[in-house]
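Overview (structure and organization)
Here is what each chain is made of, one letter per residue.
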Amino acid sequence: MTAVVSSAISRRSLVVGAASATIAASLPRAAETSQAATEFRLVAAPARWPIVGKPYPDTDAWCYGGRVPGPQIRLRQGEPVRITVENRLADDTTVHWHGIRLPIAMDGVPGLTQAPIRPGESFTYEFTPPDAGTFWYHPHANSLQQLGRGMAGALIIEEPEAVPVDRDILWLLSDWRLTSDAKIASGFGNPMEAAMSGRVGNTVTVNGAVSNEVPVRAGERIRLRLINGALARIMALRFEGHRPVIVAIDGQPCDPHEPERGRLLLGPAMRVDVVLDMQGEPGRRYRVVDDFYDGLSYWLTQLAYEDQPPVRAHPREGSLALPRNPLPEPDLATAGRHVLTLQGGMMGGGGMGMGMQNMSHGATWAINGHSMTGDGHAGMGSLLTLQLGRSYVLAIRNETAFWHPVHFHGHSFRVLSRDGSPAPHRQWADTVLLPPRQTVDVAFVADNPGDWMLHCHVTDHQMSGLMTVLRVA
């Protein structure tokens, strides 16, 4: 078991062993508009960062722009962008713009969509984001170590007109496995963990640091953007004394609604935007609790109310609904239908007979009996070929004993049902979380040509076989 970093943060320190056991608008292109592209530069390099804080030393991390998380990139919907990534690591790298519907050449999968960025080299990504919302960026090369050592950042695409809130706040949540002297523990790619829940850490941070409190003011309305940037940790967040309203999932607006049982469920790579009316008492503190893992509840941070009169006596009026993005609506009557079955892992492999005996070959998981390991490479064959412009329904069936957040590159899909029960609130996503033994039906229009990865975003699972390619042609 990894050592607890500090008694001061023991509320966030979990027993790793117990936790482990347990994606008809055509996509705009920057070249098709006369608007000048906004320019950014990201430098991927080692750095030291105060993850835990004093009296502990800074942590040796890998990051963008010398900070954890990387620089927050904010754009307007439909605004072309050029982002040059310079690699000062000793490793090859790429950047995946998670959730953005962009051209295949900009998707950041080494070998499959671009050559890896070698040490000392750079690559320029150019695209025009068609959707407003909360997205993020991270490597798709040596993903376990690069993401696990801090390489992630937020990509926020703002609506053309400002949303009526007092503040727009981002929490990029990360999960670290630290030693007692705040170093990142070794052991990435542990085969036992890969066959179970993946590398769950012992320290959770908000925007790169252990958080004791977040200052708020009574009466204000906050748009809180939540990103789960963990390798494997699933989170279920409760805001004590508050009633968050979900307004977007994975960047895509939904019908505003309160979460089931008051818990915001976030698998790795998932994002949720909520509106919080701050109706607590001035001077008081309210905990934000993650209680996803049985018996391992901890508090992430506290909402710390300033001891001042409320900004307003009553919450703002008006609809909380965000403007819809230009997603093509799938035609369910004519949709092609396919089943994707997730198989493998420990504790019952779901009909593949995959288990410890196959782990030496690097593949512990499969989709429809086929395993793809690693981060992506040249010559990856496609599991399905989809017709450009046609609608499809995928029944994603989890036959394993573990949870899987399944991410589809280059597309957003509408979540139709879970085990035959219709999904409420008109949910769109690019990453859907499947509990053990559950089937989720999703629908989308295959409107973006290319070879697109579909994989579990528990990074250990992806690296050890739970990945495939869907060709849109």
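Notes on the overall build of the protein
Scanning the protein from terminus to terminus reveals four helices and 33 strands. Looking at the protein residue by residue over its 473 residues, the buried ones come to 60%. Taken as a whole, the protein presents about 17,300 Å² of accessible surface, with 50% of it coming from carbon and sulfur.

Some thoughts on the pairing of strand 20 (residues 336-344)
As paired elements, strand 20 and strand 24 (residues 391-398) share seven bridges and run parallel to each other. From the neighbouring strand, Arg 337 faces strand 24, where its bridge partner is Val 393. Where strand 20 meets strand 21 (residues 365-367), three bridges bridge the pair, whose relative direction is antiparallel. What sits directly across from Gln 343, in strand 21, is Ala 366.

Concerning the environment of Thr 385
By secondary structure assignment, the location of Thr 385 is in strand 23 (residues 384-386). Under the relative-accessibility criterion, Thr 385 is labelled exposed at 52%. The spatial distance from the C-alpha of Thr 385 to the C-alpha of Asp 451 is 9.0 Å, given a sequence separation of 66 residues. Sequence-distant contacts of Thr 385, defined by excluding residues within four places in its chain, comprise Arg 471 and Ala 473.

Here we look at the side chain of Ser 412
You can see Ser 412 is positioned in the loop between strand 25 (404-408) and strand 26 (413-418). A distance of 3.4 Å separates polar atoms of two side chains, one belonging to Ser 412 and the other to Gln 252.

What to know about the sheet that holds strand 25
Read across the open sheet, the five strands follow the order 23-33-31-25-29; overall the sheet is mixed. Sheet topology places strand 23 and strand 29 (431-434) at the edges, where each strand pairs with a single neighbour. With strand direction ignored, the average angle separating the axes of adjacent strands in the sheet is 25°. Two strands pair when backbone bridges link them, and strand 25 and strand 31 (residues 450-456) are joined in this way by three bridges, in the antiparallel orientation. Looking at strand 31, one finds that Phe 408 is bridged to Leu 454.

Points about unusual backbone geometry
Cis geometry marks the peptide bond from Lys 54 to Pro 55; its omega dihedral reads 10°. Among the structural elements, Pro 55 can be located in the loop between strand 1 (38-49) and strand 2 (59-64). Geometrically, the link from Val 68 to Pro 69 is a cis peptide bond, its omega value of -10° lying close to zero. The phi dihedral of Arg 261 falls on the positive side, at around 55°, and the residue is not glycine. Positionally, Arg 261 belongs in the loop between strand 15 (252-257) and strand 16 (264-266).

A few points about the nonpolar core
Of all hydrophobic cores here, the largest spans 91 residues; its most connected members are Trp 97, Leu 155, Trp 171 and Leu 237. In this view, Leu 155 contacts Ile 73, Leu 75, Trp 97, Ile 100, Phe 127, Gly 133, Thr 134, Phe 135, Trp 136 and Tyr 137; residues no more than four positions away in its chain are not counted. Core analysis: the second largest hydrophobic core is formed by 22 residues, Val 52, Ala 61, Leu 144 and Phe 188 among them.

Comments concerning the confidence of the model for the protein
The predicted model of the protein averages 91 in pLDDT, with 90% of residues at 70 or higher. Across residues 1-32, confidence stays below pLDDT 50; counting only partners more than four residues off in sequence or on other chains, it has 98 contacts. Across residues 349-360, confidence stays below pLDDT 50; counting only partners more than four residues off in sequence or on other chains, it has 25 contacts.

Re the packing of aromatic side chains
Taken as a whole and assessed by the stated rule, the structure comprises 12 aromatic pairs. Here the aromatic residues Tyr 64, Trp 97, Phe 123, Tyr 125, Phe 127 and Tyr 137 are joined through ring pairs into a cluster of three or more. For Arg 149, the ring lying beneath its charged end belongs to Trp 62, and the centroid distance is 5.2 Å. Above the plane of the ring of Phe 188 lies Arg 199, whose end atom (NZ or CZ) is 3.7 Å from the centre.

Parameters and conventions
One numbering rule holds for all chains: residues counted from 1, following each sequence as written. Local features in this predicted model are restricted to residues of pLDDT 70 or higher, and side-chain atom pairs are both shown and tallied only at a pLDDT of 80 or more, whereas totals for entire chains, interfaces and linings draw on every residue. The side-chain figures draw on all heavy atoms in the structure; neither hydrogens nor water molecules are used. Numbering of helices and strands starts at the N terminus; helices are DSSP runs of H or I of at least 4 residues and strands are runs of E of at least 2. Burial classes: relative accessible area under 20% of the type maximum marks a residue as buried, over 50% as exposed, and values in between as partly exposed (1.4 Å probe, protein chains only). For the accessible areas, the method is Shrake-Rupley and the probe is 1.4 Å, while residue cover comes only from the protein chains on display. Paired strands are those between which DSSP finds at least two bridges. Whether two residues are in contact is decided by their heavy atoms: any pair within 4.5 Å suffices. We define a polar contact as two N or O atoms separated by no more than 3.5 Å, with the added condition that, inside protein, one atom must be a possible hydrogen donor and the other a possible acceptor, whereas residues neighbouring each other in sequence contribute only through side-chain atom pairs. For helices, the fitted axis covers only the stretch in contact; all axes are lines through C-alpha atoms, and the angles between them, taken along N-to-C directions, range from 0 to 180 degrees. Here, the term nonpolar core denotes a set of buried Ala, Val, Leu, Ile, Met, Phe, Trp, Tyr and Cys residues that are joined through side-chain atoms within 4.5 Å. Looking at any residue, its pLDDT shows the predictor's confidence there, from 0 to 100. Pairing of aromatic side chains here covers Phe, Tyr and the six-membered ring of Trp, requires ring centres within 6.5 Å, and sorts the geometry by plane angle: under 30 degrees stacked, over 60 edge-to-face, intermediate tilted. Two thresholds decide whether a charge sits over a ring: the Lys NZ or Arg CZ must be within 6 Å of the ring centre and within 35 degrees of the ring normal.

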